[in-house]
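Take a look at the letters that make up each chain.
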Amino acid sequence: MSHGTEVHAQLTGGLLQAWQQRNRTATIPHAIAELRKAGNLENLRRLSDPSAGPYRGRYPFLDTDLYKTLEGLAYEVGREDAPAGAREFYDEVVELLEQAQADDGYLNSYFQDPDQPKQPWSDLGWGHELYNLGHLVQAAVAAKRQLSDGRLLTIARRFADLVVRKYGVDGEEVVDGHPEVELALVELYRETGDAAYLTQAQLFVDRRGRGKLRHTIFPGEYFQDHVPFRELPSVTGHAVRMAYLAAGAADVHLETGDPTLLAALERLWDDMVATKLYLTGGLGSRHSDEAIGDRYELPSERAYAETCAAIATMQWAWRMFRATGQASYLDVYETVLYNAYAVGLSADGTAFFYDNPLQRRPDHEQRSGAEDGGELLRRAWFGCPCCPPNIIRWMSELQDHLALHRDNTLYVGIYADARLTTPDLTVTVTTNYPWDGEITLTVENAPAEERTIALRIPNWTTTPTLTNPGPAAEPLVVQPEGDRWVRVRRAFVAGDVIRLTLPMAPRAHGTHPYADATRGALAVARGPLVYCVEQQDVDAPVDDLLLTPARVAQATARTDGGHVVLDLTAGVAPPPVAELYPVLTGTPQETASKYVPVTLSPYFLWGNRQPLAMRVWLRTERED
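Analysis parameters
Residues numbered from 1 in each chain as written. Predicted model: local features only at pLDDT ≥ 70, side-chain atom pairs only at ≥ 80, totals over all residues. Heavy atoms only, no water. Axes fitted to C-alpha atoms, helices over the stretch in contact; angles between N-to-C directions. Helix = DSSP H or I, 4+ residues; strand = E, 2+ residues; numbered from the N terminus. Parallel < 35°, antiparallel > 145°, perpendicular 65-115°, else oblique. Left-handed = near helix turned anticlockwise from the far one by under 90°. Contact = heavy atoms within 4.5 Å. Nonpolar A, V, L, I, M, F, W, Y, C, P; charged D, E, K, R; others polar. Pairing = 2+ DSSP bridges. Expected span 1.5 Å × (residues − 1). Buried < 20%, exposed > 50% of the residue type's maximum accessible area, 1.4 Å probe, protein only. Phe/Tyr/Trp six-rings, centres within 6.5 Å; stacked < 30°, edge-to-face > 60°.

Enquirer: Is there a simple way to explain the packing of helix 8 (residues 195-207) against helix 9 (residues 239-256) in this structure?
Expert: Think of two packed helices as two axes; the pair is described by the angle between the axes and how far apart they sit. Closest axis-to-axis distance for the helix 8/helix 9 pair is 10 Å, and the angle between their directions is 130°. For the element pair helix 8 / helix 9, the angle class is oblique. Crossing hand, helix 8 versus helix 9: left-handed. Where helix 8 approaches helix 9, its residues Leu198, Ala201, Gln202 and Val205 are matched on the opposing element by Ala249, Val252, Glu255 and Thr256.

Laid out in C-alpha cells, this is it:
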C-alpha cells in the first residue's frame with residue numbers, strides 16, 4: 001500500500017488561518033525579540049568574537065530555540081505579509097551558524113564555548129547534541145523546500161555527515177538522551193536521497209534500550225532506554241522524548257516497511273490512548289521528570305501535558321495516519337490540535353503555558369514552567385523556552401497536515417477553509433469548523449477519469465449527512481466504512497459540490513473507574529473542543545458545581561467574540577463538611593441546594609483573564 005504524498009494546501013480563512021496570521025503578526029516578532037534578549041544569538045557570535053560576553057543560559061540545547069524559529073520562518077519570510085524583521089533575523093542567524101560551525105561539521109554553541117568544562121560528545125545523556133542536530137536538519141529542509149535556500153542544508157549535512165562517520169555502521173554504538181534526530185534524519189534522507197541518513201536513523205532506533213546510553217539523574221525508563229523499542233510495554237518516561245522517538249520510529253517504518261516497528265507503534269499508541277492520554281490530548285502527568293506516569297495516572301490539577309509533548313504527539317499521529325490510513329489517528333491529532341496544543345498560547349499570541357493543567361484551584365500559586373516568580377498564568381518566555389519556538393514552527397505548518405493523496409484518492413482529514421491541490425485535482429474547502437460541522441467542498445478542476453474524495457467522519461459525531469454532486473442530490477445519512485471514511489467516487493467536473501454535515505451536539509464525558517483523579521466526574525465537549533468553566537463565568541464556586549449528562553445535553557451554543565460558548569444550568573452543592581476525611585454512614589450523594597447559570601468556554605481559551613479557578617472535570621449530581 002502506498003503511504004501517499006502530502007497535498008499542496010493553503011489555508012484561506014477560518015480559525016486555523018487566524019492562528020497563522022497571529023503567528024506572523026504577534027508571536028514571531030515577540031519570539032525574535034525574546035531570543036535576542038535571552039542571548040541566543042550572542043552565544044553563537046562569541047565563538048568568533050569573544051567580546052560578545054559569556055555563554056548565556058543554563059542549558060546546552062538553546063541553539064534549538066533558534067532552529068525551531070528558523071523552521072517557522074522558512075514558511076513565512078517569503079510571503080508578502082512576512083513578519084516584521086523576520087528576513088533580517090533569518091539571514092543573521094544563518095550567517096552566524098556558518099561562522100560558528102567547526103571544521104569537522106560540529107555545531108553547538110554550548111560545547112564549543114571555550115569556557116565550558118564539558119567537551120563535545122562527553123555527555124550524550126544530557127548534552128542534547130543530536131537533539132540539536134535534529135532541529136537544525138528540520139529547519140534546513142524547510143528552508144530548502146520553502147525558500148529554495150540551501151545554506152542551512154549545507155550546514156546541517158556537514159553536521160549530519162560527522163554523526164554518520166562517528167556513530168554510523170562502523171562507528172561507536174551510542175544514542176542520544178533526547179530522541180528527535182531520528183525523524184529529522186529520515187526527512188534529510190527524503191530531501192537528499194542519501195541512504196546513509198536513513199540507515200543512521202534506523203540505527204538510533206534499534207540501539208535504544210541496549211545499554212548504549214549512560215543514565216544519570218533518572219533511570220533508563222526516563223530515556224525510553226531500559227528495553228529495546230519494540231519491547232516497550234507502554235509509553236513511558238519523559239513525554240516529549242517518548243513521542244519524538246515514536247514519531248522517528250514511524251518515519252523509519254514509512255521508508256523501510258519494517259512490520260515489527262509498525263506492530264510496536266500500534267500497540268504503544270493504542271495503550272496510550274486507552275490509558276495515558278488526557279481528554280484534551282495532553283500527554284504527561286508528572287512534574288518531577290516531565291513524565292507520562294502509570295496507566296490511569298491522570299490528575300487534573302497536576303497535569304503536566306507539556307506543549308512540546310502535544311506537538312510531538314501530533315507528529316506521531318500524522319505518521320501513523322500515513323502508515324495505516326486509519327481515521328482514528330486523526331481523531332487524536334485533532335483533539336490535540338484544538339486543545340492540548342492551542343491552550344499553550346495566549347489569545348494575543350505573546351505569552352505561553354509550558355505545562356497545561358485541566359484544573360486550577362482557587363489558591364493556586366505554582367507558576368507555569370516550574371519557575372519561581374513571574375506571572376501566575378502564561379509567561380512571555382522561559383529559562384527553558386523549548387515550547388514557544390515549537391509553537392511557532394508548528395503553527396506555520398498547519399496546512400501541511402490537512403490532507404493526503406494516495407491511490408488516486410484525496411483524503412481530507414482535518415477540516416478548515418483551504419485550497420487542496422493534488423497532481424490532477426483541486427478542491428476548495430469552506431467551513432466554520434470547529435465551531436460548526438457544515439463542510440462544503442467545491443471542485444475547481446479535475447481529470448476526465450474517475451477520482452475519489454474521502455472525508456473523515458470524526459468519532460464524536462452521530463448521524464452525519466452527505467450531499468453528493470448533482471442538481472437533484474438530497475442529504476443522506478451516511479454510514480462510513482469500517483475505517484470511518486466516507487468516499488465519493490466519480491468523474492468530477494469543475495463546479496461539483498460535496499456537502500458534509502457533522503452534527504455537533506454538546507456531550508458529557510465520563511472517565512474510566514481506574515482514573516482515580518476524575519472518577520465519577522463529568523467533562524463537557526462539543527465537536528473536537530473540550531470545554532471548561534472559569535470562575536469569571538459563574539456566580540458560585542466552580543468547585544461546588546454539579547452537572548448531569550441531561551443538563552449537558554440541554555446546553556445552548558452561542559457565538560461570543562468569534563468563539564462558540566455553551567450556556568447551561570448547573571447545580572450548586574451545599575457547603576461541604578469541615579472534615580477532610582469524614583466518617584461515612586452511608587453512600588454519599590451529591591444533591592444541589594440551588595441552580596445557577598453557567599457559561600462554558602473552549603479549554604484552549606482559558607487563562608486569558610484574571611488568574612481565577614478553572615475546571616474541566618466537574619462533580620456530578622444525583623439523578624433520580
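Enquirer: What is the right way to look at the packing of helix 3 (residues 63-76) against helix 13 (residues 387-396) in this model?
Expert: Where helix 3 contacts helix 13, the axes come no closer than 8 Å and their chain directions differ by 25°. On the basis of the axis angle, helix 3 is roughly parallel to helix 13. The handedness of the crossing between helix 3 and helix 13 comes out as left-handed. Counting all contacts with helix 3, which are made through Asp65, Lys68, Thr69, Glu71, Gly72, Tyr75 and Glu76, the residues of helix 13 involved are Pro389, Asn390, Ile392, Arg393 and Ser396. Tallied by class, the residues present in the contact of helix 3 with helix 13 amount to three nonpolar, four polar and five charged.

Enquirer: Hey, could you run me through the pairing of strand 7 (residues 426-431) in this one?
Expert: Of the strand pairs in this sheet, strand 6 (residues 418-421) and strand 7 are connected by four bridges, and their pairing is antiparallel. The residue bridging Thr421 from the neighbouring strand is Thr426, located in strand 7. The hairpin turn running from strand 6 into strand 7, its antiparallel successor, is four residues long. Sheet topology places strand 7 next to strand 8 (residues 438-445); six bridges connect them, and they run antiparallel. Looking at strand 8, one finds that Thr430 is bridged to Thr440. Once strand 7 ends, the chain turns through six residues before running back antiparallel as strand 8.

Enquirer: Can you walk me through helix 6 (residues 151-167) in this structure?
Expert: For an α-helix the count is 3.6 residues per turn, leaving residues at separations of three or four pointing the same way. In this model, helix 6 (17 residues) spans 24 Å end to end at C-alpha, consistent with the 24 Å of a helix rising 1.5 Å per residue. If you check which residues of helix 6 are buried, you get Leu152, Leu153, Ile155, Ala156, Phe159, Ala160, Leu162, Val163 and Tyr167. Buried residues along helix 6 sit in contact with helix 3, helix 4 (86-100), helix 5 (129-147), helix 7 (181-192) and helix 8.

Enquirer: Is there a simple way to think about the sheet that holds strand 12 (residues 485-490) in this case?
Expert: Sheets are built from strands that pair by backbone hydrogen bonding, the pairs being arranged parallel or antiparallel. Pairing is mixed in the open sheet, where five strands are placed in the order 1-4-5-9-12. Unpaired on one side and paired on the other, strand 1 (5-6) and strand 12 mark the two borders of the sheet. In this structure, strand 9 (residues 451-456) lies alongside strand 12, joined through six bridges in antiparallel fashion. When the bridges of strand 12 are listed, Arg451 appears paired with Arg490. Sheet contacts for helix 11 (residues 307-324): strand 1, strand 4 (403-406), strand 5 (409-412) and strand 12; angle to strand 4, the most-contacted strand, approximately 25°. Across the sheet, helix 12 (residues 327-341) touches strand 9 and strand 12, and the angle it forms with strand 9 is around 50°.

Enquirer: Looking at this structure, I do not really get the side chain of Arg46. What am I missing?
Expert: Secondary-structure assignment places Arg46 in the loop between helix 2 (40-45) and helix 3. Setting aside residues up to four positions removed in sequence, Arg46 forms contacts with Ala52, Gly53, Pro54, Tyr55, Asp113, Pro114 and Asp115.

Enquirer: Help me out: how do you make sense of the packing of aromatic side chains in this one?
Expert: Given two aromatic rings, one states the distance between the centres and the angle between the planes to describe the pair. Evaluated as defined, the whole model comprises 29 aromatic pairs. Aromatic side chains Trp126 and Phe218 sit 6.2 Å apart centroid to centroid with 50° between the ring planes, which places their arrangement in the tilted category. With Trp126 in the loop between helix 4 and helix 5 and Phe218 in the loop between helix 8 and helix 9, this pair connects stretches of sequence that are 92 residues apart. Overall, Trp126 belongs to the buried group, its relative accessible area being 19%. Clustering of aromatic rings is evident, with ring pairs tying together Trp19, Tyr338, Tyr415, Tyr433, Trp435 and Phe604.

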